[in-house]
Amino acid sequence: MQADQNWRVRRSGVDLDRLGENESIFALSNGWIGWRATLDEGRPGEMPGTYLNGFHEQRTLTYPEDGYAFPQHSDTVISAPNATLIRLYVGGEPLDLRTGTVRGHEQELDLRSGLLHRHTEWISPAGHAVRVRSTRLVSLPRRPVAAVDYRVEPLGDDPIEVRVCSDVQANERVPERDDDPRAASIIDDPLTAELHRQDGGSGVLVHRTDRSAQRVAVAVTHHIEAPDGFDSGGDRTPDRLRTTVEGRLRPGERLRITKFAGYECAPVDGTPADELADQVLAEATAAREDGFDALVAEQRDALEGLWRVADIELDGDGELQPAIRFAVFHLLQAGRADGDRTIPAKGLTGNGYDGHVLWDTESYVLPVLTYLAPDVTRGALRWRHAHLTEARERAAELRLPGATFPWRTIGGRECSGYWPAGTAALHVNADIADTVLRHVAATGDDDLLAGPGVELLVETARLWAGFGHWTDDGTFHLTGVTGPDEYAALVDDNIFTNLMARRNLRGAADAAERHPDRATALGVEPAEVAGWRAAADAMHVPYDRKRGVHQQATGFTEQPDWDFAAMKSDDYPLLLRFPYLELYRKQVVKQADLVLAMQRCPGEFTAEEKTRNFAYYEARTVRDSSLSAGPQAVLAAEVGHLDLAYDLFAEAALHDLADLGDKTTDGLHLAALAGAWSALVAGFGGLRDDRGVLDFDPRLPAKIRRLAFGLRWRGELLRVTLTPDEARYELPDAGPSVTVELTHRSELVRLTGSEPAVLPIPPVPDPGPEPSSPHGRRPARRSRES
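Residues numbered from 1 in each chain as written. Predicted model: local features only at pLDDT ≥ 70, side-chain atom pairs only at ≥ 80, totals over all residues. Heavy atoms only, no water.

Trainee: Describe the overall build of the chain, listing the residues and the values that go with them.
Mentor: A count of helices and strands for the chain gives 18 helices and 32 strands. The principal-axis extent of the C-alpha atoms belonging to the chain is close to 90 × 65 × 60 Å. Taken across its 786 residues, the chain has 62% of its residues classed as buried. A separation threshold of at least 6 residues defines the contact pool for the chain, and within that pool the share at least 24 residues apart is 68%. Carbon and sulfur atoms make up 45% of the accessible area of the chain, which totals about 28500 Å². Taking the 88 positively charged and 123 negatively charged side chains of the chain as two groups, their mean positions are separated by 2 Å. (Helix = DSSP H or I, 4+ residues; strand = E, 2+ residues; numbered from the N terminus. Buried < 20%, exposed > 50% of the residue type's maximum accessible area, 1.4 Å probe, protein only. Contact = heavy atoms within 4.5 Å. Areas by Shrake-Rupley, 256 points an atom, 1.4 Å probe, with all protein chains shown as cover. Lys, Arg positive; Asp, Glu negative; His and termini not counted. Charge placed at Lys NZ, Arg CZ, Asp CG, Glu CD.)

Structure below.
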């Protein structure tokens, strides 16, 4: 990967082995539409994908031995008709980077404008040379709109015959991977045609799914600039629209075709397909009438506003500065502020995890967007609330009170067929509640709290109160659960689950008392609230006094050790080489669990406990999940191991750009990208927010000379700039009467809009030797590179 000018990500040359990786890295989205960065001509390619948020088909789950409450169906993301396709024929031969001679090929993502540029110079097998330039955008301001601007010009001295076929294709073939159980399931030909029509350079396709009963419509219009003598025409089938432009290009001439696309999907109901067709055609036509340059200007303006809050400046590492901007860019384009939609684990960049929404969203992605784009978090919480009925039904099926939200889903129902790591991972309910509490604390959004927020908190608190049990010693326990670490299952008192459930119970009690009328309408009585507080206060927190560390779950520190010294590099990830029977019973941690608990609930641990816990679990965590490096970096920074923290941050930031997990082809790992932000802001910036206030304890590693970031707090933009010995806090947009309170190293700071606060950062005390990592699993060392 070559990064250019800190705001661009560029790859040059043709590497057929990295096509899928590039398709994910250069993917464009607006939280509604997702276009993978397949080549304009469609081939060669790894995995075509045009995704609409929530658009999916259902498939039947089969079990060798079925059981009560096993989910019978799963949702799987499917591709909407693909409007990116523009196929070029030169002298009758198709442009194909596998044939002829490629004199130059480059893709570049401009992070400030949200544009994907492609530049190719190609000589056909017959010797005809052409230059192709294309620019794609998926409009942030216009939810249903995306566009491609495509230009062709000859490079030789002789005229050439060219033909360009601009297609919309439904039911494209998607290759199925069978080498990894985490890969998506593929449904062949998932779309049934309902309508296809074409008029000149405009047309529309409407299809429907069978089981999920969804309808999708895509319309395209074209603007064509061609020399005299060019002809255009079109043809259509139920699954394809084609606009053809052909003629002779002379030296110095250029053919330009701009395609404008509109996408919508809706439930299949009594509404005729023509109605949705007319809607998308109107959107595409309006975009064409305004012109591509207008879409580009709108896109730049939208991103300029987002970057004013979200930009991170990192001085000291030329590779990681564009990498963190790449991470933030993909987080920003993954969601929308104008609709009640959530963010899948891969965003809209690939079909990995079947396009499911996982706990990653609430535990990693939304905590970042709460500070950068809080309306996106609000919409995601409203999406959860919209599926509260299904969560209540699932709880009843499991014979539990309250609501049980799904471990994996698209449409709201549980889609995980492996119950020890799905149904038993009840912490997802506390993760949702935690997002409510953090969003309200950061924004003051009492309307959300009084509406969906109270109901989400109450129903998840009821789950914990009914699921847990009291023991004779007066403690409250949650047994038979699975925490974040997927190399442990069905454990008792997983510390992350218990502490997050405690926060859930207390948050629900506070919300019920703050909004008594709403609570009464939900049937909440004072005795129930008192029971929540009692359970929270008595929640068991397992601790090993002999070793002086907390236990990830009861008995974890007494389990057999894993023989890390015997592992070879190709033994990882362990889940592909060892049975779960072996993994579940030993001290090996797939991803941050107790360490994540210390990040999310820092006030539950003393500084000394964090130091001992981090050292113990660092030695047992293999990071077989992309979710792990970010939280580990935060805690490494907090306990003073800044070099290790920096290397973990780099691993999170480069996870997809360097394809560290060999899974980027399936889509980007948004939680890892969010973890990179957290490593900088919560790790080196020292941000803690679990008490409802902003608390900073910054410390920079030797490789970072300056770190600057922004976030929103109670409607104000707070800008933080750190150097090794000084922190500057300011409110650049606030008037002189505006006051924001925060703490800097436990010292109260009343910040006003009229004057920044500049405070010292003392040296970090020597933490002693760096904790050991499992053999061969320490992150790559960057911290001491010159």
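Trainee: So what about the sheet that holds strand β5 (residues 50–52)? Which residues, and what values?
Mentor: The three strands are arranged β3-β4-β5 in an open sheet whose pairing can be described as antiparallel. Each edge of the sheet is formed by a strand with only one pairing partner; in this case those strands are β3 (28–29) and β5. (Pairing = 2+ DSSP bridges.)

Trainee: Kindly report on the state of the cysteines, identifying the contributing residues and their values.
Mentor: According to the stated counting rule, one finds zero disulfides in the structure shown. Distance from the sulfur of Cys415, which forms no disulfide, to the nearest cysteine sulfur (Cys265) is 16 Å. The class for Cys415 is buried, based on a relative accessible area of 5%. (Disulfide = S-S within 2.5 Å.)

Trainee: An account of helix α16 (residues 629–638) is requested, with residue identities and associated values reported.
Mentor: Residues that lie three or four places apart on an α-helix share one face, since the helix turns once every 3.6 residues. With nine of ten residues buried, α16 is to be regarded as a mostly interior element. Within the span of α16, buried status applies to Ala629, Gly630, Pro631, Gln632, Ala633, Val634, Leu635, Ala636 and Ala637. Where α16 is buried, its residues contact α5 (360–372), α14 (594–600), α15 (607–618), α17 (642–653) and α18 (670–684).

Trainee: Go over helix α2 (residues 273–290), please, and point to the residues and values.
Mentor: With 18 residues, α2 extends 26 Å between its outermost C-alpha atoms, agreeing within 8% with the 26 Å of an ideal straight helix rising 1.5 Å per residue. All of the buried residues in α2 are Ala273, Leu276, Ala277, Val280, Ala284, Thr285 and Ala287. Projected onto a plane normal to the axis of α2, the buried residues spread over an arc of 165° and lie on a single side. Elements that come into contact with the buried residues of α2 comprise β13 (145–154), β15 (192–199), β16 (202–208), β17 (214–225), β20 (255–267) and α3 (292–310). Of the residues one or two after α2, Gly291 is the one with positive phi, at around 95°. (Expected span 1.5 Å × (residues − 1). Arc of directions from axis to C-beta.)

Trainee: Explain the pattern of salt bridges residue by residue, including any values.
Mentor: A complete count under the given rule lists 76 salt bridges for this structure. With a closest N to O distance of 3.4 Å, Asp40 and Arg136 form a salt bridge. Taken as a pair, Asp40 in the loop between β4 (33–35) and β5 and Arg136 in strand β12 (residues 129–138) lie far apart in primary sequence, 96 residues in all. Here Arg136 falls in the buried class, since its relative accessible area comes to 4%. Two residues, Arg585 and Glu582, come together in a salt bridge whose shortest N-O distance is 3.2 Å. Owing to a relative accessible area of 42%, Arg585 belongs among the partly exposed residues under this scheme. When salt bridges with common partners are traced through the structure, they connect Arg392, Glu455, Glu459, Arg462, Arg518 and Glu528 into a single cluster. (Salt bridge = Lys/Arg side-chain N within 4 Å of Asp/Glu carboxyl O.)

Trainee: Quick one: what's the story with the packing of α16 against α17, residue by residue and with numbers?
Mentor: Packing of α16 against α17 leaves a shortest axis separation of 8 Å and a crossing angle of 160°. With respect to their mutual orientation, α16 and α17 come out roughly antiparallel. Crossing of α16 over α17 shows left-handed handedness. Across the interface between the two elements, Ala629, Gly630, Gln632, Ala633, Ala636 and Ala637 of α16 pack against Leu642, Leu644, Ala645, Leu648, Phe649, Glu651 and Ala652 of α17. (Axes fitted to C-alpha atoms, helices over the stretch in contact; angles between N-to-C directions. Parallel < 35°, antiparallel > 145°, perpendicular 65-115°, else oblique. Left-handed = near helix turned anticlockwise from the far one by under 90°.)

Trainee: Which residues make up the nonpolar core, and what are the values?
Mentor: Inside soluble globular proteins, nonpolar side chains tend to come together where they are buried. Core analysis: the biggest nonpolar cluster contains 201 residues, and Leu88, Phe649, Phe684 and Leu718 have the highest contact counts within it. Ranked by the residues each element gives to this core, the list is headed by α18, at eleven residues. (Core = buried A, V, L, I, M, F, W, Y, C linked by side-chain atoms within 4.5 Å.)

Trainee: Which residues make up the packing of aromatic side chains, and what values go with them?
Mentor: Two measures describe an aromatic ring pair: the distance that separates the ring centres and the angle between the ring planes. A full pass over the atoms with the stated rule returns 16 aromatic pairs. Their ring planes at 70° and their centres at 6.3 Å tell us that Trp359 and Phe496 sit as a pair that is edge-to-face. Pair noted here: Trp359 is in the loop between α4 (320–334) and α5 and Phe496 is in helix α10 (residues 495–514), with a separation of 137 residues, a long-range link. Like Phe496, Trp359 is buried. For the ring pair Tyr580 and Tyr584, a centre distance of 5.1 Å and an interplane angle of 40° mean the geometry is tilted. For Tyr580, a relative accessible area of 30% puts it in the partly exposed group. Among the aromatic residues, ring-to-ring pairing joins Trp359, Tyr364, Trp407 and Phe496 into one connected group. (Phe/Tyr/Trp six-rings, centres within 6.5 Å; stacked < 30°, edge-to-face > 60°.)

Trainee: I'd love a proper account of the sheet that holds strand β8 (residues 86–90), names of residues and values included.
Mentor: One open sheet accounts for five strands, arranged β9-β8-β14-β19-β18; its pairing is antiparallel. Edge strands, defined here as strands with exactly one partner in the open sheet, are β9 (93–94) and β18 (231–237). Bridge count for β18 against strand β19 (residues 240–249) is seven bridges, and the pairing is antiparallel. Each bridged residue has a counterpart across the sheet, and for Arg236 the counterpart in β19 is Leu241.

Trainee: Give a description of the side chain of Asp571 that names residues and reports values.
Mentor: Following the sequence through the fold, Asp571 ends up in the loop between β25 (549–550) and α13 (580–583). Reaching out from Asp571, the side chain makes a polar contact with the backbone nitrogen of Lys568 at a distance of 2.8 Å. Those residues in contact with Asp571 that lie beyond four places of it in its chain are Ala566, Arg577 and Phe578. (Polar contact = N/O pair within 3.5 Å; in protein donor to acceptor, adjacent residues only side chain to side chain.)

Trainee: Which residues make up the environment of Val216, and what values do they have?
Mentor: Along the chain, the position of Val216 falls in strand β17. Accessibility expressed as a relative area gives 1% for Val216, which makes it buried. It is 8.4 Å that separates the C-alpha atoms of Val216 and Pro81, two residues lying 135 residues apart in sequence. Setting aside its immediate chain neighbours within four residues, Val216 contacts Leu52, Phe55, Ala80, Pro81, Leu191, Leu205, Val206, His207, Glu264, Cys265 and Leu276.

Trainee: A description of the pairing of strand β21 (residues 312–315) should follow, citing residues and the corresponding values.
Mentor: Across the two faces of β21 the burial differs, with Ile312 and Leu314 buried and Glu313 and Asp315 not buried at all. Sheet analysis places β21 next to strand β27 (residues 706–713), joined by four bridges and oriented antiparallel. Residue pairing across strands places Glu313 opposite Ala708, the latter belonging to β27.

Trainee: Run through unusual backbone geometry, naming residues and quoting values.
Mentor: Note the cis peptide between Arg43 and Pro44, where omega equals 0°. Structurally, Pro44 can be placed in the loop between β4 and β5. With omega at 0°, the peptide bond leading from Tyr572 into Pro573 counts as cis. Tracing the chain through its elements places Pro573 in the loop between β25 and α13.

Trainee: I'd like a rundown of the pairing of β15, residues and numbers included.
Mentor: One ladder, built from seven bridges, connects β15 with β16; its direction is antiparallel. Residue pairing for β16: Asp199 is matched across the bridge by Ser202. Hairpin remark: β15 followed by β16, antiparallel, with two residues in the connecting loop; positive phi at Gly200, about 65°.

Trainee: Lay out the environment of Glu582 with the relevant residues and their values.
Mentor: Locating Glu582 in the fold gives a position in helix α13. Since its relative accessible area comes to 22%, Glu582 is described here as partly exposed. Sequence separation of Glu582 and Asp492 is 90 residues, and the distance between their C-alpha atoms is 18 Å. Here Lys586 takes part through its side chain, which lies 2.7 Å from a polar atom of the side chain of Glu582.

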